[in-house]
Amino acid sequence: MTILVYAFNTAMGWCAVSGTDGRIAELRLPVSSRELALLEAREGNGTQYVETDYDFSGQADSIAEYFTGKSVKFDCDLDLSKGSDFDRRVWSAVRDISYGEVVSYGDVAVSVGVPGGARAVGQSLGRNPVPVIVPCHRIVRANGELGGFGCGVDWKVRLLNLEHIQPPYRRRDGES
């Protein structure tokens, strides 16, 4: 299978998106150079990656706009076939969390019908191939602590700060 890879510059560095049939399957967060973005996008399971000038129906522009600190609602087709059914349910629920909002891992577990499944939600979010589009950085522990992030906790803090979310990380209604 051939995967298309598109690298583009943002206010925070170079990103890359990859996918097939116009659907985004992976997003790599900003790095220092175009070459590094392409290299990271090509890491994987031996699939053939081909660089393209196709910007996935303008989604690269939306992603770049997000990295300027603007609220963006990503309306793009995703290929999340590498995830399990549970992963896809979690990612779908998280995709609906608004810019500048946070919810707890437990809240997400309840929303996907698995009360008590906060740890499983966290593990699923660690496999999220499209951070920012599926905004897993907006998920925190019930006590307001950060929790983990597949791209590193430093990135989680940067993304929350970009959205003007400051510690303690509490839902806007004041609950954790």
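Here is what the cut-offs are and how they apply
- Residues numbered from 1 in each chain as written.
- Predicted model: local features only at pLDDT ≥ 70, side-chain atom pairs only at ≥ 80, totals over all residues.
- Heavy atoms only, no water.
- Buried < 20%, exposed > 50% of the residue type's maximum accessible area, 1.4 Å probe, protein only.
- Helix = DSSP H or I, 4+ residues; strand = E, 2+ residues; numbered from the N terminus.
- Contact = heavy atoms within 4.5 Å.
- Salt bridge = Lys/Arg side-chain N within 4 Å of Asp/Glu carboxyl O.
- 1 Å grid on protein atoms, 1.4 Å probe; cavity = no way out; pocket = protein on both sides within 12 Å on 5 of 7 lines; lining within 4 Å.
- Points joined across faces, edges and corners; volume = space filled by probe spheres on them.
- Nonpolar A, V, L, I, M, F, W, Y, C, P; charged D, E, K, R; others polar.

Visitor: Is there a simple way to explain helix α2 (residues 59-66) in this structure?
Guide: Counting along an α-helix, one turn takes 3.6 residues, and residues three or four places apart therefore face a common direction. Extensive coverage of α2 is indicated by the burial of 6 of its 8 residues. When α2 is considered as a whole, its buried residues turn out to be Gln 59, Ala 60, Ser 62, Ile 63, Ala 64 and Tyr 66. Looking at the packing, one finds that the buried side of α2 touches β1 (2-10), β2 (13-20), β3 (23-31) and α6 (153-162).

Visitor: Looking at this structure, how should I read the pattern of salt bridges?
Guide: Close approach of charged atoms allows side chains of opposite charge to pair. Here the structure, examined in full by the defined rule, presents 9 salt bridges. The partner of Lys 82 in a salt bridge is Glu 26, with the nearest N and O atoms 3.6 Å apart. One end of the pair, Lys 82, is in the loop between α2 and α3 (85-95); the other, Glu 26, is in strand β3, with 56 residues separating them in the sequence. Here Arg 141 makes a salt bridge to Glu 145, at a shortest N to O gap of 3.0 Å. Residue Arg 141 is classed as partly exposed on the basis of its relative accessible area, which comes to 42%.

Visitor: I keep staring at the layout of surface pockets and nothing clicks. Help me out?
Guide: Over the atoms rolls a probe the size of a water molecule, and its path tells where empty space is left. By volume, the largest pocket amounts to about 280 Å³. Taken together, 16 residues make up the lining of the largest pocket; nearest its centre are Glu 26, Leu 27, Arg 28, Asn 128 and Pro 129. Elements with a minimum of two residues in the lining of the largest pocket: β3 and α3. Ranked by the residues each element gives to the lining of the largest pocket, the list is headed by β3, at 6 residues. Split by residue class, the lining of the largest pocket holds 8 nonpolar, 2 polar and 6 charged.

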